[in-house]
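Understanding the architecture of this molecule
Here are the chains, one letter per residue:
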Amino acid sequence: MDSIPLQFYSPTPSETLDFGRIIQQSPSFVLEPSTPEEISLLLKSISLSPSYNNITVAARGAGHSIHGQAQAPDGIVIDITSLPTFVKISKCEEAGSESKYHNFFIDVSGGALWVDVLKETLKHGLTPRSWTDYLFLTVGGTLSVGGISGQTFKYGPQICNVLEMDVITGKGDFVTCSKERNPELFYGVLGGLGQFGIIIRARIILEIAPKMVKHVRLFYSDFNLFTRDQENLISMKEVDYVEGFIKLSHCEPLDHLQSKPETRNAGSAPVDYIIEVALYYNEEAVVQEVMEQVLSQLSVIPWTRAQIDDISYFNFLNRVKQEEKKLRNRGLWEVPHPWLNVFIPKSHIKPFKNLLLKTISSIPPNGPVLIYPVLRHKWEKKMSVVLPREEEGEDVFYIVSLLRSAIPSSSLQTLLSQNQEIIDAVTSKAPIHLQETINVEGEGGQRFDHDMGGKQYMPYLRDESEWRIHFGEEWKRFEALKFKFDPFNILAPGQMIFRRKNIEI
């Protein structure tokens, strides 16, 4: 790389791993840019010269991928967090379709952490609308995959709350894009797994921030009531956040999901279900009345099967950080994390739950199992995230996240094998030994002897053929965007979607 006038560094051990700690691969060099122009120069130099054939480039933010997606084996990793962090809040002044609905927005650098975005916006009494559960992730990182949490049912994923971006493409071009300006790149980059460009700046919708959160946890032993109440909750405009959890009796829950002894039933089922609900507020008297209205429409007897707390808006959004601190103190944070995230059509959620519990029963899950509904119409179909099969008349689909840690580390391969069994059953014809579970549990005698129509979120796939199946009819569009904005397949090799193309001499 001597002919490129940039300062490169040797990788540190931490730059060969990610949060998953499953795949370790080392780049040849690390670039810590101080300006976007350095990134542009690097990509232009590589894309214009056959001297750099086979060199690939990956942008790395917080390094929170699971299977090495932000790695560039023998290539170059760009540390996006080394760019200057900026946050600028503005108010829409001009008339237009966006400004009619969104009075405030924030321009923020792609390498900024969401927790810092929250801190800055709260100084002005404002906040983004859609979040991830963990805030120590970069803006560019979550916008490259989707960005989901308990607010997704209401505002869509984070990618649906972006107004504009500055992106450096695989050819090194600096492009500003939005729904009206370079829309092809705008929609492609959002959820595009880093394939078309590196996000340098994002303009994100803001709203007035609440001061407090009424945090409610409801406990169930019946899965049908659990899902029915979740679907009821996401239809209520008063509700701001909904997530569900599966708790096995032999699994230690997260601290914020612990149930009080008096709420547990003697001889309760080995599986419990927890709904976590949040109502944002400024006035206690008002939210108390709203909460009682909301709970009165649910199946549970609210005052005997509920835990209710009042916490600040910031502490609610940042609650997972407290779990991280406790795990770090116990030496349980820097361990392998074979996480799995899938989207499941509503009509298949019960057979999927049975399949999930049967598959993971041999090893108690060290980590939460999330299962909660979202609304399809809140997602922009033009963006690159692939949604589950659309069943007739269904707007609801479910997000299921199996967030396990390999403790002890010797359990890693077993957990990965279990993940693959689940993926095979969800996204393709189920293996023989799993078909009975799927067939028997169908509602109304329906036989699920085919795939459930599910899709992986933040997929781990191994080659282009698997990605073609994942994208389905969207593959040709995705491939065409790659050819247009990164024709030599330089960017994001860790996703294992496209093989590097050489430049002909």
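Since the model is a prediction, treat every value here as computed from it, not as a measurement. (Residues numbered from 1 in each chain as written. Predicted model: local features only at pLDDT ≥ 70, side-chain atom pairs only at ≥ 80, totals over all residues. Heavy atoms only, no water.)

1. A short note on the sheet that holds strand β2 (residues 29–31)
- The sheet built from four strands is open, its strands ordered β1-β2-β4-β3 with mixed pairing. Edge positions in the open sheet fall to β1 (8–9) and β3 (57–60), since each of these has one partner strand only.
- Together, β1, β2, β3 and β4 (76–79) form the strand contacts of helix α1 (residues 36–48), whose direction differs from that of β4 by roughly 165°. (Pairing = 2+ DSSP bridges. Helix = DSSP H or I, 4+ residues; strand = E, 2+ residues; numbered from the N terminus. Contact = heavy atoms within 4.5 Å. Axes fitted to C-alpha atoms, helices over the stretch in contact; angles between N-to-C directions.)

2. Focus on empty space enclosed by the protein
- Overall, the coordinates contain three cavities of 30 Å³ or more when judged by the stated rule.
- Of the pockets and cavities examined, the second largest cavity occupies roughly 90 Å³.
- In this structure, the second largest cavity is lined by 14 residues; those nearest its centre are V385, V386, M458, P459 and H470.
- In terms of residue count, the dominant contributor to the lining of the second largest cavity is helix α13 (residues 464–471) (three residues).
- Among the residues forming the lining of the second largest cavity, the class breakdown is ten nonpolar, four polar and no charged. (1 Å grid on protein atoms, 1.4 Å probe; cavity = no way out; pocket = protein on both sides within 12 Å on 5 of 7 lines; lining within 4 Å. Points joined across faces, edges and corners; volume = space filled by probe spheres on them. Nonpolar A, V, L, I, M, F, W, Y, C, P; charged D, E, K, R; others polar.)

3. Observations concerning the pattern of salt bridges
- Scanning all chains against the criterion turns up 23 salt bridges.
- Of the charged contacts, one joins R389 and E391 as a salt bridge, the two residues approaching to 3.2 Å between their closest N and O atoms.
- You can call R389 partly exposed: its relative accessible area is 33%.
- Between E479 and R468 there is a salt bridge, with its nearest N and O atoms 3.8 Å apart. Placement of the pair is E479 in helix α14 (residues 475–485) and R468 in helix α13, with a sequence separation of eleven residues.
- On the accessibility criterion, R468 (39% relative accessible area) is partly exposed.
- Via salt bridges that share partners, D107, E164, D166, R201 and R203 belong to a single interconnected network. (Salt bridge = Lys/Arg side-chain N within 4 Å of Asp/Glu carboxyl O. Buried < 20%, exposed > 50% of the residue type's maximum accessible area, 1.4 Å probe, protein only.)

4. A look at the sheet that holds strand β13 (residues 271–281)
- The eight strands lie next to each other as β14-β11-β13-β12-β16-β17-β15-β18, forming an open sheet whose pairing is antiparallel. Edge positions in the sheet fall to β14 (306–312) and β18 (455–456), since each has one partner strand and no second.
- Running at roughly 25° to strand β11 (residues 212–220), helix α7 (residues 284–296) makes contact with β11, β13 and β14 of the sheet.

5. Side note on the side chain of S405
- Considering the arrangement of structural elements, one finds S405 in the loop between β17 (396–402) and α11 (412–427).
- For S405, a relative accessible area of 11% corresponds to the buried category.
- Here S405 is in contact with V335, P336, H337, P338, N366 and L415, once residues within four sequence places are set aside.

6. Considering unusual backbone geometry
- A cis geometry characterises the amide bond from I407 onward to P408, with omega recorded as 0°.
- For P408, the position within the fold is in the loop between β17 and α11.
- Unlike most non-glycine residues, N182 shows phi in positive territory, near 50°.
- Along the chain, N182 turns up in the loop between β9 (174–178) and α5 (183–189).
- In the Ramachandran plot, A492 falls in the positive-phi region, its phi being about 50° despite a non-glycine side chain.
- With respect to the element layout, A492 can be found in the segment after α14.

7. Observations regarding the confidence of the model for the protein
- Mean pLDDT over the protein: 90, with 89% of residues reaching 70 or higher.
- Confidence over residues 95–101 falls short of pLDDT 50; this stretch has five contacts with residues more than four positions distant or in other chains.
- Note that pLDDT drops below 50 for residues 429–449; the model gives that stretch 37 contacts with residues more than four away or on any other chain. (pLDDT = per-residue confidence, 0-100.)

8. Here we look at the pairing of strand β10 (residues 197–208)
- Across the twelve residues that make up β10, a large majority, nine, are buried.
- With six bridges joining them, strand β6 (residues 104–109) and β10 adopt antiparallel strand pairing. What sits directly across from I106, in β10, is I204.
- Bridging between strand β7 (residues 126–128) and β10 involves three bridges; their strand directions are antiparallel. Counted as the bridge partner of P128 is L206 from β10.

9. Some remarks on the nonpolar core
- Within the largest apolar cluster, 69 residues are counted, with the highest numbers of intra-cluster contacts made by V139, L143, M165 and F343.
- Discounting chain neighbours no more than four positions away, the residues touching L143 are W114, Q158, I159, V162, V189, L190, G191, I199 and A202.
- Core analysis: the second largest hydrophobic core is formed by 47 residues, V277, L298, V342 and I422 among them. (Core = buried A, V, L, I, M, F, W, Y, C linked by side-chain atoms within 4.5 Å.)

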